Each structure stands twice: as C-alpha cells, then as structure tokens.
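# Descriptive structure summary
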Amino acid sequence: MQVWKFGGTSVGKPERMHSIRNLITSDDQQKIIVLSALSGTTNALLSIGESLKADQPGEAAEKIEHLKAHYDSFVRDLYKTSEGLTKGQKIIENEFSFIRSLTRIKPFTLKQEKELVAEGELLSTQIFQAYLEELEHDSILLPALEFMRIDADGEPELDYTERKLRELLRAHGDKKLIVTQGFICRNPRGEVDNLKRGGSDYTASLIGGAIRADEIQIWTDIDGMHNNDPRIVKKTFPIRALTFEEAAELAYFGAKILHPSTITPAKMFGVPVRLKNTMDPTAEGTLIANKTSDQVFKAIAAKDSITALYIHSLRMLNAYGFLRRIFEVFEKYKTPVDLIATSEVSVSVTIDKTDNLTELMAELRTFCELEEPDYDQAIICIVGNFSADQAGIALQVLKAMEGIPIRMISYGGTEHNISLLVHGRYKAEALNALNEGLFELKEA
C-alpha cells in the first residue's frame, strides 16, 4: 500500500480534482489518499473565526455565505451527473449548517475555532469521495478523527494511530482507494484539534509509518525539492535524491515544499518519501530515502524572522554548569534554539519564537549580561555531504559569501549542514551568491 497526499492547490479547482482522480486510478496500486482543504479555504475559515472572536457575527455570516458560494460553484463544475451534484450539494449544506451554528456560540473559544478550521478538510474529502463514487471507483472515506490523536503536548500518538488504522483497514482494507483528511485530529479530551499549519504532510507520513507503506508520495505544484528558493533565485533545479537527514534540514530551515515534521515518522520506519508535481506527473521529482547522490553541495534554504541573542558573563570562564543554567531558561519559556555559537565568556543563540522574549531576557539578566538583540535576521542553510575529511568546503561557502556580512556561523554539528546568520536584507543576495558560487548558476 502507498500513501499519496495532495495539497490545497492540487485540489483547489474542479479540473485539478479530475486530474487527481486520473493519477490515483492510473494503476492497480492500493492507496490511502490524504487531502488538504481546497486552496484558500483555511485562510477563509480563520478569517471567519477572527470575526467571531471580535463578536461581529454579521461580518462572519457574510464571509460564510461568500465561502459557501465558492463551494456551490465548485461542485457544479465537478460532478457530471445530477445524482453526483445532489450528493455534493447535500455535503455542502450539512457542513455549512454546522459552520453557521458556531456563530451562535458565545464566547467563541479556541475549541470552536479548531472545529471551524477542520471544516476545510472535512469538505474537500467528502466532496472528492462523492466524486469517486459518481465514477464508480472502489473507494471509501475513513475519517481521520477516528484514528489520528495528539497527546497533551500536541505530539501525535503514533501507537494509537497504528492500532486504530489496523482495525479500520481490517474492516475496509479490500478497497482500492481509501480517502482521508490531512491536518485534523483529536486531542486527549476527544475534541477536534489539528497538527498545525502544513500538517497534511505530517498526516501522510504518520499514516505511512503506521502502516509501513511501500512509499509516501507528497504531490504539490512543483517538480520536487529544488536546490534553492525558486521564488527568489531564477536558476534552480530539482534535486533527484536526498537522505532523510538532508531533507529534514532543508524543511526545517525554510524549504516550503515539505512540512518540517514530515520526515520523522518516515525515517523511523524506513518508508521512502517521494515529492511529485501534479502539474507535471511525468517529472521525476525528489526521492527521500536512506541513500543519496555523492554531490557535495545539495541545496540551500533560508529561514526568516530570526532573532539573535548575545549573552555574556565572566562567570563562564573555566566554569561548568553555566550553559545548562542558560538553556534551562529557554526550556522554562518553551523557546527552541536554532543556532548556537560559544566562546569562553559568551554565548550567541538564534530563536524564531519570541512570544516570551521579554520574560526570558529578564531572567537571563539576573545572572548574565545581554546585548540588544538583533531582529529581522535570516538563517541561510547549506545542505550536502560535508564529511570531516573533506577539505575546502567552508572556504567555498565563505568565498561565495564574500562581501555579505555574516553574523554567525554553525559548522560541524552534523555532516549535512552549514548555517549562516545574516540580516534579512541580505537574504536574497546571499541565496543568489551561493547559487552562483556553489552550483555555478548565475542569473543572466
């Protein structure tokens, strides 16, 4: 069995649903199909939620009817029979009746907001399953809320998912196509919750790991992971093969094609992940597995909105336990650290979560000196094969960056990553300079 995930742009128009149907029925391979909400729907639902939180039910009602009109038009173009259209219209009426009911609940809490946002995936999967039924395909809809659950820390309970999926597949495993929702789940209280934004990739990987799938395929609108950000750098190329570690580094440090959490369950069970393009299904895409090519430099990614903190204390000199004390403060305020650079009397760190920055800095100042933080920084991550016995790798990177101020460098923590901290204003310049210096790709 394979797991195929399709994102919002891949299901965002009726003709694209037609294309997906052709893709998933092109062979006899049994598949679990994970769908995101139609493109634009999650943002529309969040906007409705903002109106309700602001106690503006009239504004929310207008937004709801506007979104419903989009879905009414969508199903008219999707289905080819009157029976199919009737079924699609009934799905929309049922789900929008529930959405309207949320406008009458006061106060509008986080619980209702999560129920509201889940409607995107509930709509897309029911509409798509009804379309498959219209065409008499051997398919079934398995609600993710029956097998996907997170714990009190918001982490997926893979054992629970594995057990529940095994039971459901025993009952329905003869179906060729099994449709389910990405992103949504239940929490320990049994309430509707989610795996955060972009979580449909994560859903696909969790399912793939739980059932020990032959392969997980993530279908998007680009032909695999590129060596650089094609929105900023004109000359890029798709990477054909990456290890799990290389892909995880790129996803975490800004490669938007893949959700950062996706790699973990797939790597845990050795399930290959293939990135494919719904707009060009014949393109090879990118295969993420245990093997990769021998190419030294693989790809570059960038992470925005980074804050750098500079911590100093003479008490660090020849002392032990001091770093532990510093990082206990970060742990207390649930603030992950990206990059770290140390000397005898100072520590520099970068963070992207600043919710508790004021309190965190106040506590650090009780036993350290702090410089003014650097805001609006960017981490440039270079990924490849950087084994310890290879000479000249750092030199190539720094030569490519000549003329661009670098605030921090992280090298040697892994054999796959060199990370540089620059001000955000230099991000595009740095990406283009590295593209030319490391891949010899220069803009015309």
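Residues numbered from 1 in each chain as written. Predicted model: local features only at pLDDT ≥ 70, side-chain atom pairs only at ≥ 80, totals over all residues. Heavy atoms only, no water.

## Let's talk about the packing of helix 4 (residues 82-102) against helix 5 (residues 110-134)
Remark: helix 4 packs on helix 5, axes separated minimally by 9 Å, with the N-to-C direction vectors making an angle of 175°. Between helix 4 and helix 5, the crossing angle belongs to the class labelled roughly antiparallel. In this structure, helix 4 uses G84, K87, I91, I92, E95, F96, F98, I99 and L102 to contact helix 5, whose residues at the interface are Q112, E115, L116, E119, L122, L123, Q126, I127, A130, E133 and E134. Of the residues belonging to the contact of helix 4 with helix 5, the class tally is eleven nonpolar, three polar and six charged. (Axes fitted to C-alpha atoms, helices over the stretch in contact; angles between N-to-C directions. Helix = DSSP H or I, 4+ residues; strand = E, 2+ residues; numbered from the N terminus. Parallel < 35°, antiparallel > 145°, perpendicular 65-115°, else oblique. Contact = heavy atoms within 4.5 Å. Nonpolar A, V, L, I, M, F, W, Y, C, P; charged D, E, K, R; others polar.)

## Some points on the packing of aromatic side chains
Enumeration over the complete set of coordinates arrives at nine aromatic pairs. Aromatic pair W4 and W219: ring centres 5.3 Å apart, planes at 35°, arrangement tilted. One end of the pair, W4, is in strand 1 (residues 2-6); the other, W219, is in strand 7 (residues 215-220), with 215 residues separating them in the sequence. Ring plane angle 55° and centroid distance 5.6 Å describe the contact between F297 and F386, whose orientation is recorded as tilted. Here F386 lies in the loop between strand 15 (374-384) and helix 12 (393-400) and F297 lies in strand 11 (residues 297-312), a separation of 89 residues in the sequence. This pair shows no difference in class: F297 is buried, exactly as F386 is. Above the plane of the ring of F367 lies R325, whose end atom (NZ or CZ) is 4.0 Å from the centre. (Phe/Tyr/Trp six-rings, centres within 6.5 Å; stacked < 30°, edge-to-face > 60°. Buried < 20%, exposed > 50% of the residue type's maximum accessible area, 1.4 Å probe, protein only. Lys NZ or Arg CZ within 6 Å of the ring centre and 35° of its normal.)

## Points about the pattern of salt bridges
Tallied over the full model, the rule gives 28 salt bridges. Here E162 makes a salt bridge to R212, at a shortest N to O gap of 3.2 Å. With E162 in helix 6 (residues 158-172) and R212 in the loop between helix 7 (199-210) and strand 7, the pair connects residues that are 50 residues apart, well separated along the chain. E162 sits in the buried class, given a relative accessible area of 16%. E215 is paired through a salt bridge with R274; the nearest N and O atoms lie 3.1 Å apart. You can see E215 sitting in strand 7 and its partner R274 sitting in strand 9 (residues 273-277), a full 59 residues away along the chain. (Salt bridge = Lys/Arg side-chain N within 4 Å of Asp/Glu carboxyl O.)

## Considerations on the nonpolar core
Nonpolar side chains in soluble globular proteins generally cluster together in the buried interior. Among the nonpolar cores identified, the biggest contains 59 residues, and V3, L258 and I288 are the most heavily contacted of them. With near-sequence residues (within four places) excluded, V3 lies in contact with I32, V34, A204, I207, G208, I211, A213, E215, I216 and Q217. (Core = buried A, V, L, I, M, F, W, Y, C linked by side-chain atoms within 4.5 Å.)

## Some points on the domain arrangement of the chain
When cut into domains, the chain gives domain 1 (2-220) and domain 2 (298-439). When each unit is reduced to the centre of its C-alpha atoms, the spacing between domain 1 and domain 2 is 38 Å. (Domains from an automatic or database assignment.)

## Digging into the sheet that holds strand 10 (residues 286-289)
Spatial strand order, 3-4-2-1-7-9-10-8: eight strands in an open sheet with mixed pairing. Edge strands, defined here as strands with exactly one partner in the open sheet, are strand 3 (139-141) and strand 8 (241-243). Across this sheet, the average inter-strand angle for adjacent strands is 20°, counted without regard to direction. Here strand 3 pairs with strand 4 (residues 177-181) via three bridges, running parallel. Bridge assignment links L141 to a residue of strand 4, and that residue is V179. Each of strand 1, strand 2 (31-35), strand 4 and strand 7 is contacted by helix 1 (residues 14-24), which is oriented at about 170° to strand 1, the strand it contacts most. (Pairing = 2+ DSSP bridges.)

## A look at the UniProt feature "domain: Aspartokinase ACT" (unreviewed entry) in the chain
Under the UniProt annotation, the feature "domain: Aspartokinase ACT" (unreviewed entry) is placed at residues 380-436. Structurally, residues 380-436 is divided into 32% helix and 28% strand, and its ends, taken at the C-alpha atoms, are 15 Å apart. (UniProt positions renumbered as here; feature names shortened; annotations may be inferred.)

## So, unusual backbone geometry
Going from K106 to P107, the amide bond is cis rather than trans, its omega being -5°. In this fold, P107 is placed in the loop between helix 4 and helix 5. For F183, which is not glycine, the phi torsion reads 75° and is therefore positive. Looking at where F183 falls in the secondary structure, it is placed in the loop between strand 4 and strand 5 (184-186).

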